[in-house]
Amino acid sequence: MDDLKSKYLTQIADAADEALLEDIRIAAVGKKGEVALKMRELGKMTPQERQVAGPALNALKDEINSALAAKKAALADAALDARLRSEWLDVTLPTRPQRHGTLHPISQVSEEVTAIFAEMGFSVAEGPRIDTDWYNFDALNIPGHHPARAEMDTFYMHRAEGDNRPPHVLRTHTSPVQIRSMEATGAPTRIICPGGVYRADYDQTHTPMFHQVEGLAIDKDISMANLKWVLEEFVKSYFEVDGVDLRFRASHFPFTEPSAEVDIRCSWEGGTLKVGEGDDWLEILGSGMVHPKVLEAGGIDPNEWQGFAFGMGIDRIAMLKYGVPDLRAFFDSDLRWLRHYGFAALDVPTLHGGLSR
Ligand code: DAH
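About the cut-offs
Residues numbered from 1 in each chain as written. Predicted model: local features only at pLDDT ≥ 70, side-chain atom pairs only at ≥ 80, totals over all residues. Heavy atoms only, no water. Helix = DSSP H or I, 4+ residues; strand = E, 2+ residues; numbered from the N terminus. Rg over C-alpha atoms; globule rule 2.2 N^0.38 Å. Buried < 20%, exposed > 50% of the residue type's maximum accessible area, 1.4 Å probe, protein only. Areas by Shrake-Rupley, 256 points an atom, 1.4 Å probe, with all protein chains shown as cover. Lys, Arg positive; Asp, Glu negative; His and termini not counted. Charge placed at Lys NZ, Arg CZ, Asp CG, Glu CD. UniProt positions renumbered as here; feature names shortened; annotations may be inferred. Contact = heavy atoms within 4.5 Å. Phe/Tyr/Trp six-rings, centres within 6.5 Å; stacked < 30°, edge-to-face > 60°. Expected span 1.5 Å × (residues − 1). Arc of directions from axis to C-beta. Polar contact = N/O pair within 3.5 Å; in protein donor to acceptor, adjacent residues only side chain to side chain. Pairing = 2+ DSSP bridges. Domains from an automatic or database assignment. Near = heavy atom within 4 Å. Nonpolar A, V, L, I, M, F, W, Y, C, P; charged D, E, K, R; others polar. Core = buried A, V, L, I, M, F, W, Y, C linked by side-chain atoms within 4.5 Å. Salt bridge = Lys/Arg side-chain N within 4 Å of Asp/Glu carboxyl O. Axes fitted to C-alpha atoms, helices over the stretch in contact; angles between N-to-C directions. Parallel < 35°, antiparallel > 145°, perpendicular 65-115°, else oblique.

The helix and strand tally for the protein chain stands at twelve helices and ten strands. The C-alpha atoms of the protein chain give a radius of gyration of 40 Å, which is well past the 21 Å a tight globule of 357 residues would have. Residues counted as buried form 41% of the 357 residues belonging to the protein chain. A total accessible area of about 20000 Å² is found for the protein chain, and carbon and sulfur atoms account for 53% of it. Here the protein chain holds 38 positive side-chain charges and 54 negative ones, and the gap between their average locations is 10 Å.

What follows is the structure in structure tokens.
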């Protein structure tokens, strides 16, 4: 038994891998291994001999088994060590210096506009891009025969024959959100609504989908003076200039009375646009005092409340601020263009931290 023991313990100690170890296990303590054969001999022994040999054989078997288990664990540890050494990786190496995504200029400008108006107490409202013609037109005092409907190059949704639901359109402006937000919150209210709008038009300054931001402020004592101040504050903050002249030009919109289009003073000297200086004027938005019929359509009593509204093209002011000459490029998804005009995704515009860095 001592011979068996030293023979197998040496073999186990010398085994170089798990397969060898398994061979040793079968030869030593397997069903037909040497220890099993020895156990079979117990039957031929006298009871006294058996009392000594039986426990000794069991002890030998246990010892060989635990030597096998210990060696198996040691081999596994060594294999893991070897793997860790061969698969070593220097995690302190710099990452690839490649920029992945960027924020689209339209998203950036929407964030900038939102940050500026948030500072003045406006919250963001949203409405559906597919809306009924009632919200898009009638409620805004644009009845069926009104020429404004034709001017807007509206996309109408297809209707199956016999479908009696109200006609739906792709909204042609963000103004329907005025009505939806009046319905939702009543007066007083102060909201802006940035979002996509649609018109069947396509050239260097028109795309069939573009973006507007609507503004609406309703209270008991709102006047054109408030509108003028709010827009002046906005333009100064947005173009990041100290002062800017605004020109209010009398105009007409069905949903405002009186109505004004607003121009900003600018110069085109040297072919680049500078806001706030020079002798040129650039139209940036439409605005006015909300028409009583529009307040009524939104469920607000025009004898008690009044308000101003405005609508501005986001793509337009993005082109102006960031020097994009062709509107269509915004929607081409050209990666080189996006890398050039895009913004770092984590630089959220704030008034204190800087709008556009
Ligand atoms: N909805 C108008 C358009 O798309 C823009 C506009 C003009 C909005 C005057 C207004 C407003 O809220 O008061 O052309």
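Here we come to the UniProt feature "binding site: Mg(2+)" (unreviewed entry) in the protein chain. According to UniProt, the feature "binding site: Mg(2+)" (unreviewed entry) maps to E257 in the numbering used here. If you trace the backbone, E257 turns up in strand β7 (residues 256-267). Sequence-distant contacts of E257, defined by excluding residues within four places in its chain, comprise M289 and H291.

Attention now moves to the packing of aromatic side chains. Taken as a whole, this structure holds eleven aromatic pairs when the rule is applied. A ring pair is formed by F117 and F122, whose centres lie 5.4 Å apart and whose planes are at 75°; its orientation type is edge-to-face. Taking the centre distance of 4.8 Å and the plane angle of 35° together, the rings of W337 and Y341 count as tilted. Within this pair, W337 and its partner Y341 are both found in helix α12 (residues 335-341), separated by four residues, close to a single helical turn. Y341 matches W337 in its accessibility class, with the two residues each being buried.

A separate point is helix α2 (residues 18-29). With twelve residues, α2 extends 16 Å between its outermost C-alpha atoms, agreeing within 8% with the 16 Å of an ideal straight helix rising 1.5 Å per residue. Looking at α2, one finds that the buried residues are L21, I24, A28 and V29. For α2, the angular spread of buried residues about the axis comes to 85°, placing them on one side. Seen from the open side of α2, the exposed residues pointing more than 90 degrees away from its buried face are A19 and D23. Elements that come into contact with the buried residues of α2 comprise α1 (2-14), α3 (34-40) and α4 (47-86). The opening residue of α2 is D17, an N-cap whose side-chain oxygen sits 3.0 Å from the backbone nitrogen of A19.

Buried residues dominate strand β5 (residues 209-219), accounting for nine of its eleven residues. Where strand β4 (residues 189-198) and β5 come together, ten bridges link them in antiparallel fashion. Residue P194 lies in a different strand from β5, and its bridge partner there is V213. One ladder, built from eight bridges, connects β5 with strand β10 (residues 306-313); its direction is antiparallel. The partner of A217 across the bridge, within β10, is F308.

Looking now at the domain arrangement of the protein chain. Looking at the protein chain, the domain boundaries give domain 1 (2-86) and domain 2 (107-344). Distance between the C-alpha centres of domain 1 and domain 2: 86 Å.

Looking now at the site of the ligand. Near the ligand, the surroundings consist of 15 residues, among which H173, S175, R199, Q212 and E214 are the closest. For the ligand, an oxygen atom lies 2.6 Å from a polar atom in the side chain of E214. Protein coverage of the free-state accessible area of the ligand, which is 350 Å², stands at 90%. Elements that contribute at least two residues to the shell around the ligand include exactly β5, β9 (280-290) and β10. Residues of the shell around the ligand, tallied by class, amount to four nonpolar, nine polar and two charged.

Here we come to the nonpolar core. In terms of nonpolar packing, the biggest core is built from 45 residues, with F117, F234, I264 and F308 touching the most fellow members. Residue contributions to this core peak at seven residues, all from helix α9 (residues 224-239). Setting aside residues no more than four positions away along its own chain, F234 makes contact with V113, I116, F117, M120, M312 and I317. Formed by 24 residues, the second largest nonpolar core is a distinct cluster that contains V169, V177, F255 and V294.

In this section: the pattern of salt bridges. Scanning all chains against the criterion turns up 19 salt bridges. R25 is paired through a salt bridge with E22; the nearest N and O atoms lie 3.0 Å apart. Here E22 and R25 lie together in helix α2, a separation of three residues that amounts to about one turn. Accessibility expressed as a relative area gives 32% for R25, which makes it partly exposed.

Interhelical geometry of α1 versus α4 gives an angle of 5° and a closest axis separation of 10 Å. Between α1 and α4, the crossing angle belongs to the class labelled roughly parallel. The residues of α4 that touch α1, namely those facing L4, K5, Y8, L9, I12 and A13, are L60, E63, I64, A67, L68 and K71.

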